[in-house]
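Listed below, chain by chain, are the residues.
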Amino acid sequence: AFRQVNVAGTERLARMAATNGVKRFVYISSVKVNGEGCEKPFTEHDVPAPEDPYGVSKLEAEQVLHHIAEDTGLEVVILRPPLVYGPEVKANFLSLFKMVDRGIPLPLASINNHRSLIYLGNFVDAITTCINHPKAAGQTYLVSDGEDVSTPELIRRVAAALGRPARLFPFPPALMRFAGKLFGKSDAVERLVGSLTIDSSKIRRELGWKPPFSMEQGLKETGEWFGKEGKRLGR
């Protein structure tokens, strides 16, 4: 299913674009092409190491696009973002907002990790830059807000955006990982306790791009949307 959408669908769209005179194709890939996390920040020079079907399909789509570029002259730019947040966010990030808003105590105070994120407004700005900048053609870029945060720090920032207290208490991360294995939730637990950071210096250096919004601004915008609409989602 991932291949049908991410590979076959992307290939068809790119070939149609080239046939109809489109000059540049900006593909939204994923940092999952690099892997699920490592001791040092991911860069564009790392050997791809996707670990799940989604990441594998994104890598295969990138490879297909490079072949199309060679065949047709289509300028391809690939962006690999980490988790994207902002108004209309769903899944785990929306769940986090709901738990903080409801004042649910979270056993995450002992976690000492680092995660890269990108606010939707920053990501759109990066996409626009890649559409217009002549040096972007044929390049792959990792993009983020440039403010890596730990899980407890993220929760504190979410709480501040919502005007709520951050209710955190300590619990050993090793026991969380053990419980994750026990209940088949290792991936979900690792996203809370593990690190995943990226080095976005390449796009800043080559294209002069810098995020127009801070993480604080991004979370504030997300919090305002949540207060108006997000609370009702998933009920």
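For the structure, see preceding data.
Residues numbered from 1 in each chain as written. Predicted model: local features only at pLDDT ≥ 70, side-chain atom pairs only at ≥ 80, totals over all residues. Heavy atoms only, no water.

(A) Quick look at the overall build of the protein chain. Along its length, the protein chain carries nine helices and five strands. Seen in sequence order, the protein chain has helices and strands lined up from the N terminus as α-β-α-β-β-α-β-α-β-α-α-α-α-α. With the C-alpha coordinates of the protein chain rotated into their principal frame, the extents come out at 55 × 35 × 35 Å. Across the protein chain, every contact between residues at least 6 apart in sequence was considered, and the portion connecting residues at least 24 apart equals 83%. For the protein chain, the accessible area works out to roughly 12,500 Å², and carbon and sulfur atoms hold 55% of it. (Helix = DSSP H or I, 4+ residues; strand = E, 2+ residues; numbered from the N terminus. Contact = heavy atoms within 4.5 Å. Areas by Shrake-Rupley, 256 points an atom, 1.4 Å probe, with all protein chains shown as cover.)

(B) Spatial organisation of the packing of helix H5 (residues 151–162) against helix H9 (residues 215–228). In contact at an axis separation of 8 Å, H5 and H9 are set at 55° when each is read in the N-to-C sense. Overall, the two elements H5 and H9 adopt an arrangement that is oblique. The interaxial crossing formed by H5 with H9 has right-handed handedness. Residues Leu154, Arg157, Val158, Ala161 and Leu162 of H5 lie in contact with H9, whose contacting residues are Met215, Leu219, Lys220, Gly223 and Phe226. The residue makeup of the contact of H5 with H9, split by class, is seven nonpolar, one polar and two charged. (Axes fitted to C-alpha atoms, helices over the stretch in contact; angles between N-to-C directions. Parallel < 35°, antiparallel > 145°, perpendicular 65-115°, else oblique. Left-handed = near helix turned anticlockwise from the far one by under 90°. Nonpolar A, V, L, I, M, F, W, Y, C, P; charged D, E, K, R; others polar.)

(C) Up close: the environment of Pro170. Among the secondary structure elements, Pro170 is positioned in the loop between H5 and helix H6 (173–182). A sequence separation of 62 residues divides Pro170 from Leu108, and the C-alpha atoms of the two residues are 6.0 Å apart. Not counting residues within four places of it along the chain, the set of residues in contact with Pro170 comprises Ala109 and Ser110.

(D) Molecular detail of the pattern of salt bridges. Following the criterion strictly, the structure yields twelve salt bridges and no others. As a salt-bridge pair, Asp71 and Arg15 come within 3.8 Å of each other at their nearest N and O atoms. Of the two residues, Asp71 is situated in helix H2 (residues 53–72) and Arg15 in helix H1 (residues 2–19); the sequence distance between them amounts to 56 residues. Because the salt bridges share partners, they merge into one network encompassing Glu147, Glu153, Arg156 and Arg157. (Salt bridge = Lys/Arg side-chain N within 4 Å of Asp/Glu carboxyl O.)

(E) Representation of the side chain of Thr10 in the model. Within the element layout of this structure, Thr10 appears in helix H1. Taking the relative accessible area as the measure of exposure, Thr10 reaches 10% and is therefore buried. Among residues more than four places away in sequence, those in contact with Thr10 are Val5, Phe25, Tyr27, Ala61 and Leu65. (Buried < 20%, exposed > 50% of the residue type's maximum accessible area, 1.4 Å probe, protein only.)

(F) Molecular detail of the pairing of strand S1 (residues 24–28). Bridge count for S1 against strand S2 (residues 75–80) is five bridges, and the pairing is parallel. Directly across from Tyr27, in S2, lies its bridge partner Ile78. For the segment spanning S1, H2 and S2, crossover handedness is right-handed. (Pairing = 2+ DSSP bridges. Right-handed = clockwise from strand over helix to strand, strands pointing away.)

(G) Focus on H2. Spanning 20 residues, H2 covers 28 Å between terminal C-alpha atoms, matching the ideal 28 Å at 1.5 Å per step. Looking at H2, one finds that the buried residues are Gly55, Ser57, Lys58, Leu59, Ala61, Glu62, Val64, Leu65 and Ile68. Against H1, S1 and S2 lie the buried residues of H2. (Expected span 1.5 Å × (residues − 1).)

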